[in-house]
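A structural walkthrough
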Amino acid sequence: MEATAVSLARSVLDGVLSSAGSAVADEVARLIGVPKEVEFIRNELEMMQSFLKVASAHPEAAGRTDTVRTWVKQVRDLAYDVEDCLLDFALYAARTSSSRAGSWLPGAIAERHRIAARIRDLKASVEELNQRNLRYHIAVNPAGAEEAQASFMLPDNDVDSSELAFQESDIIGRRGEKAELTTMISGPRDALRVVSVWGMGGMGKSSLVRMVHNDPNLLDEFDCDAWVTVPHPLDSADGFRKRLRKGLGLARDQDIREYLQEKRFLVIVDDLLSQDEWEHIWQVVLFDNGKGSRIIVTTRRHDVARHCAGNGHVYELKPLGDVESKNLLCQKVYKTSNYTLPEDMAEQANCILRRCRGLPLAISTIGGLLANRPKTSREWRKLHEHLGAELGSDLHNITRVIVSSYDGLPYHLKSIFLYLSIFPENHEIRRTRLLRRWMAEGYIAKNRDMPVEDVGDRFYSELIHRSMIQPSKDNPGVRADRCRVHSMVLQIILSKSIEENQLFLVDKHSNEVPQSKIRHLVVSRWKRRDEKLQNINLSCIRSLTIFGEYPASLISPKMHLLRVLDLEDTINLKNDDLKHIGELYHLRYLCLRGTDISKLPSSLQNLRYLETLDIQDTHVTQLPDGTAKLEKLQYLLAGVNFTKDLLQKMAQSGIDNHKANLFRNMAACLCCSCSECCMVSSMDQFSVRAPQGIEKLRNLHMLGVVNVGQGNGVVGRLKQLTNLTNLRRLGVTGLTEEEGQELCKSIGELRRLQRLEVRSYSLKFLAKMDKPAIPRHLDSLRLCGDLGELPKWISSLNDLVKVKLLGTQLKQTNIVHLENLRNLALLGLWENSYIEESLHFSTDTFPKLKFLDIDGLANIKTVTIEEGSMPELEQLWVNKCPSLNDDDFGLSGVPFLMDLNELVLKKCGEKKKLIDILQGQVNRHIRRPKFRIGKSYLLSSN
């Protein structure tokens, strides 16, 4: 991956040149007396950028000599030094602009001299680097450079695919293997059996096991099942025990063995790396209850497979055959495995596939690359010639296939793809987390016609479409809101990022601390006696990311260049650990999501560059004074996330049982004169109070969930929301009816609003408004509270893509207001959102609906889908509906859903007749959709 240094250097230079050309930089340069030096550096950097643009487009030329690689690294390091100096510029300018008189004090004069001296030193370094280029005749001038310019442009169409990167192996060439593995797993209720499936990375082990696991006939043989992906590193049995308990749907304190003792269970242990990891796992699951339980292990190592199986139940997954390989390639390139290639194309395809040697990962990755190129034999021959000896005759050279796919990425995707090396193996990465980190790091350039977040969203979708990242299998829906990097791909980009001294990973396998500058620090497994952290030079770190336990006193003023501080889900993080936050003046991204933090320091107001403040799912209910000074803040996320179990979370919180029951049984508590006041106040701990001066945060794109209701100083504040003209997502809670009406009037002025979330004890104010000012261009609506009936005006929101309802107490007559929305793709009817016994979907309704999620409707007995309803539905989930009839009326109309690819019936009680009926319908269905009756899913929210 010789282009790694090139792409990293270019991404740094893009940010530097943007800063160097700013008015602030020019003003400070004049003030300290070095305008000519700054102009010289700027011009030289522009020449370096032009060089790197050519080198990035032609990595085979850039990587031809060691001198080019060395010079590129030096360009990058110098660009970082220039950027560091410009950050000093910005700090100095901010101070001098606030106090002109103070700029002539002795301390300020000394600081000007220091910055000026540093600029002059940088100029000398730039001159020396230029001379070095001339001395060693470093040049890259490949033919066809003009053609490369096209790859720097944004794609014409937004690619938003939820296609799994290697899902084709589920249906192409693995049916025989499925039958063999199923035979090994099923059988009489004898002793506990461990079955190991092994093969090299990218062979499709997990896909095969998942296909077996999702077979309803096999699942019928077991009382319960769980899928557990092994976290790496796995240092104790507790980590696995926690994941298994979650997979089985057990409470935090419920004993696993006691639960499984009288059950025939099936447990999948996915991606086991070592015998040491198995030693931790078998302590949890390896006990024989005489029921014929099964444990399936997937691993890349034969010795580990043998060690786990013990008695010889080992299955080796081998490469795909020639026919299956070609079908998989066609599926990736043409979206159909039945495509007949022209003779000249077939010849080139055979050459490429011979190099892949039947490895699904290699075929899928190259197919994703070819899908974005002209579909001509000449283009495929060029790719074949470029791969050349890189694929070689040895199957283990598949690493070079991934490298070639990386080299084939356009420039704008390379640096953000390498950035994924920060996240550990098997980690599900939230899309919004990635996007906001990319923005904070300056990896996404501003586009004249598109907001930066939309540009990043497009890049994310493009990486999925190119099969470089995999959408999460556990979070289906309209858009892939979570992703992960295939473990094999991750190992490649991780080694390159470390090699380039961009990343240092602190875990039990980490090497000695490098002497060179580290830009990204990741602590994934920290030991209290580890001295590595004490030896790291923190002064140049741009991002700090922690997975697992927080190392005490790690955050310090030494990290004065830090832009990203990501502590999401960090364990043992205390309020006092944030005491130095206010001294990290360049911080742009601060994420404390999922931690035990309950209070933010008052020094937070010093973070004038902060763009993202994520305190969602923490204990913070009050923002510190001075929050309104964060003028660059774009994303303020707080409170408890909108999930299916939100009502349950509220009931299980510190609220007393009386108040919890009031909210969960909304219809019954209308006669209680004090219930509204009780519930408004009880919502405080599931949101933050709207800070004073919130109307000053004019750059806000996302605000929620904030409590703007009674007792929170709401006077005039709802009207002031109209000042937030850039707001795209808003979440509010705790409203009385009068305040709710005021809210509707206010948000009518928010012309850019795309997503609205409203939580309140009563939402009836929405239905009472005949002509509300709700923006007609909303694409997402989330409502939690007693609505009673859907407002008629909802039927006019034709841009709505997602609707999620919770506790709304609707009836069949209300559904009519949703059924003709021409762009509605996702409908979530969650707990207490619908109260009648029958749910009916009529002919010619819901024309674009792709995902129907029915969850927690306790009263519902029948779900009827007429022919012609939901013609594009792909996923139908029915979950936690215990009253559902156990006959063909329980869920009818599945054969009419011609595009259905997944049907889920889960936790609805004993429904043997209904399951048999649905299984027969699925078997006869033209698309043979997957029918899941035991696997637990959670819909992602962001």
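For the structure itself, consult the block above.
Numbering of residues starts from 1 in every chain and runs along the sequence as written. Only residues with pLDDT of at least 70 get local features here, since the model is predicted, and only at 80 or more are side-chain atom pairs given and counted; chain-wide, interface and lining totals rely on the full set of residues. Here the side-chain values reflect all heavy atoms present in the structure, with hydrogen atoms and water set aside.

A few words now on the pairing of strand 25 (residues 862-865). In this sheet, strand 25 lies alongside strand 23 (residues 838-841) in parallel orientation, the contact comprising 4 bridges. By the bridge assignment, S838 is partnered in strand 25 with T862. Paired strands, as defined in this entry, are two strands with at least two bridges between them according to DSSP. The way it works is that DSSP assigns letters per residue, a run of H or I at least four long becomes a helix, a run of E at least two long becomes a strand, and they are numbered from the N terminus. Taken together, the 2 bridges between strand 25 and strand 27 (residues 891-892) define a ladder with parallel strand orientation. By the bridge assignment for strand 27, T864 is matched with S892.

Reading across from one edge, 23-25-27 is the order of the 3 strands in this open sheet, with parallel pairing throughout. With one partner strand each, in any of the chains shown, strand 23 and strand 27 form the two edges of the open sheet.

Turning to the pattern of salt bridges, a few remarks are in order. By definition, a salt bridge exists where a carboxyl oxygen of Asp or Glu is found within 4 Å of a side-chain nitrogen of Lys or Arg. A full pass over the atoms with the stated rule returns 29 salt bridges. A salt bridge links K644 to D853; its shortest N-O distance comes to 2.9 Å. Linking K644 in the loop between strand 15 (635-637) and helix 25 (646-652) with D853 in strand 24 (residues 851-855), this pair joins segments that are 209 residues apart in sequence. Only protein chains enter the calculation, and the probe is 1.4 Å; a residue is then buried if its accessible area is under 20% of its type maximum, exposed if over 50%, and partly exposed in between. Given the relative accessible area of 12%, K644 is considered buried. Residue K644 pairs with D855 through a salt bridge whose shortest N-O separation is 3.4 Å. Placement of the pair is K644 in the loop between strand 15 and helix 25 and D855 in strand 24, with a sequence separation of 211 residues.

The next point concerns the packing of aromatic side chains. The geometry of an aromatic ring pair is captured by two quantities: the separation of the ring centres and the angle between the planes. Only rings of Phe, Tyr and Trp enter the pairing, Trp through its six-membered ring, and a pair is recorded when the two centres are within 6.5 Å. The plane angle decides the type: under 30 degrees is stacked, over 60 is edge-to-face, the rest tilted. Under the counting rule described, the total for this entry stands at 7 aromatic pairs. With centroids separated by 5.3 Å and ring planes inclined at 85°, the aromatic side chains of Y419 and Y443 adopt a geometry described as edge-to-face. Of the two residues, Y419 sits in the loop between helix 20 (411-418) and strand 6 (429-430) while Y443 sits in the loop between helix 21 (431-441) and helix 22 (452-465), which places them 24 residues apart along the sequence. Just as Y419 is buried, Y443 falls in that class too. Both rings, one in F423 and one in F547, keep their centres 6.1 Å apart while their planes meet at 65°; by these two values the pair is edge-to-face. Separated by 124 residues along the polypeptide, F423 in the loop between helix 20 and strand 6 and F547 in the loop between strand 11 (543-546) and strand 12 (564-566) bring together distant segments of the chain.

When you line up the elements, E742 lands in helix 29 (residues 737-747). Separated by 23 residues in the primary sequence, E742 and F765 place their C-alpha atoms 9.8 Å from one another.

Over its 14 residues, helix 22 runs 20 Å from end to end, which matches the ideal 20 Å to within 8%, given 1.5 Å per residue. Of all 14 residues making up helix 22, 12 are buried, and the element is well covered by its neighbours. Every buried residue of helix 22 is accounted for by E453, V455, G456, D457, R458, F459, Y460, S461, E462, L463, I464 and H465. A helix is expected to reach a length of 1.5 Å times the quantity of its residues less one.

Inspection of the secondary structure assignment puts L286 in the loop between helix 13 (275-285) and strand 4 (294-299). Separated by 92 residues in sequence, L286 and V194 have C-alpha atoms that sit 8.8 Å apart. Ignoring anything within four residues of it in the chain, the contact list for L286 reads L192, V194, R257, W278 and I295. Residue contacts are counted whenever heavy atoms from the two residues lie within 4.5 Å of one another.

Turning our eyes to something else, we now look at the side chain of S760. Relative to the elements of secondary structure, S760 occurs in strand 19 (residues 755-762). Owing to a relative accessible area of 0%, S760 belongs among the buried residues under this scheme. Each polar contact in these results corresponds to two N or O atoms within 3.5 Å; when the atoms are within protein, one needs to be able to donate a hydrogen and the other to accept it, and residues that are neighboring in sequence are counted only if both atoms are side-chain atoms. Polar contacts involving the side chain of S760 include one to the main-chain carbonyl oxygen of L735, which spans 2.6 Å.

What follows concerns the side chain of R433. The topology assignment puts R433 in helix 21. Judged by relative accessible area, R433 falls into the buried class, the value being 3%. Engagement of the side chain of R433 in a polar contact is seen with the side chain of H427, the distance being 3.4 Å.

To continue, consider a positive patch on the surface. Side chains of K242, R243, K246 and R252 sit close together on the surface and give a patch of like positive charge. Within the fold, K246 resides in helix 11 (residues 237-248). We classify K246 as exposed; its relative accessible area is 65%. Only residues whose relative accessible area exceeds 30% and that form no salt bridge are eligible for patches; like-charged ones are grouped when within 9 Å, while nonpolar side chains (Val, Leu, Ile, Met, Phe, Trp, Tyr) are grouped when within 5 Å. Surface accessibility follows the Shrake-Rupley procedure with a 1.4 Å probe radius. Residue values consider only the protein chains on display as shielding. In this tally, Lys and Arg are treated as positive and Asp and Glu as negative; His is ignored, and so are the chain termini. For this purpose, a charge sits on NZ of Lys, CZ of Arg, CG of Asp or CD of Glu.

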